[in-house]
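Architecture and fold: a report
The chain contents come next:
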Amino acid sequence: MRKFAVLAMFVLLFSMASAQRNWIGVSTPGLLANGTGAVISFTPGFSLNLSGVVGFERLLGPLDLRAGGALGASGGGFSLLLGADVLYPLNATGASIYFGGGPHLNFSGGTAAFLLQGAVGYENFVAGNWSWFVELNPLFNFTSGGFGLTGQFGINVYLQ
């Protein structure tokens, strides 16, 4: 019965999302970190990060939903980040300021961390279905009790 309920919820969410305008985002990794100040590191070595974001406009009334994940490999270790954010745009067309946040899980080095990430951003449309954005993300780590600030910028491609 539980499997059926989960499947029914997934089908309902997908059918609601398919009726809305959806987007795929591409962004930089975080620019600020550690909660103690700005850190931009140029340490020699091999690292690989793959990330993806998908979003749904007006999924819950005026609210947008985005979900994302990142897989990283650095120095022989692997990390996985999964998260979802609920965003509230202040205006629906053209350039927009938005804010929101949501839960994120980080699996790295054999440990798991539960994070709460905020989002304050600006998005501006370049063409009919392309936009660029810049965003600041305050971050609270419930596992370690630490606070951090990250930022990102990139493009969103809207699918019709």
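Procedures and definitions
Residues numbered from 1 in each chain as written. Predicted model: local features only at pLDDT ≥ 70, side-chain atom pairs only at ≥ 80, totals over all residues. Heavy atoms only, no water. Phe/Tyr/Trp six-rings, centres within 6.5 Å; stacked < 30°, edge-to-face > 60°. Helix = DSSP H or I, 4+ residues; strand = E, 2+ residues; numbered from the N terminus. Contact = heavy atoms within 4.5 Å. pLDDT = per-residue confidence, 0-100. Buried < 20%, exposed > 50% of the residue type's maximum accessible area, 1.4 Å probe, protein only. Polar contact = N/O pair within 3.5 Å; in protein donor to acceptor, adjacent residues only side chain to side chain.

Looking at the packing of aromatic side chains
According to the stated counting rule, one finds five aromatic pairs in the structure shown. Linked through ring pairs, Phe-114, Phe-140 and Phe-142 together constitute an aromatic cluster.

Points about the environment of Asn-49
With respect to the helices and strands, Asn-49 occurs in strand β2 (residues 47–60). Taking the C-alpha atoms as reference points, Asn-49 and Leu-71, 22 residues apart in sequence, are found 5.7 Å from one another. Residues contacting Asn-49, with those up to four places away along its chain left out, are Leu-71, Gly-72 and Ala-73.

A look at the confidence of the model for the chain
Any residue range with low pLDDT should be treated as having predicted coordinates unsuitable for detailed reading. Per-residue confidence for the chain averages 76 on the pLDDT scale, and 69% of its residues sit at or above 70. Helix α1 (residues 2–18) is the least confidently modelled element of the chain, averaging 45 in pLDDT, while strand β5 (residues 96–108) averages 93, the highest of any element. With pLDDT under 50 throughout, residues 4–19 is counted as low confidence; its partners more than four residues away or in other chains account for five contacts. Scored below 50 in pLDDT, residues 28–39 shows 21 contacts in the model against residues more than four places distant or in partner chains.

A short note on unusual backbone geometry
At Arg-58, a residue that is not glycine, the phi angle is positive and equals roughly 50°. Within the secondary structure, Arg-58 sits in strand β2. Given the relative accessible area of 26%, Arg-58 is considered partly exposed.

Here we look at the side chain of Asp-85
With respect to the helices, strands and loops of the structure, Asp-85 is situated in strand β4 (residues 77–89). Within the local environment of Asp-85, its side chain forms a polar contact with the backbone nitrogen of Gly-102, the two atoms lying 3.1 Å apart. Beyond its immediate chain neighbours, meaning those up to four positions away, Asp-85 contacts Asp-64, Leu-65, Arg-66, Gly-101, Gly-102, His-104 and Gln-117.

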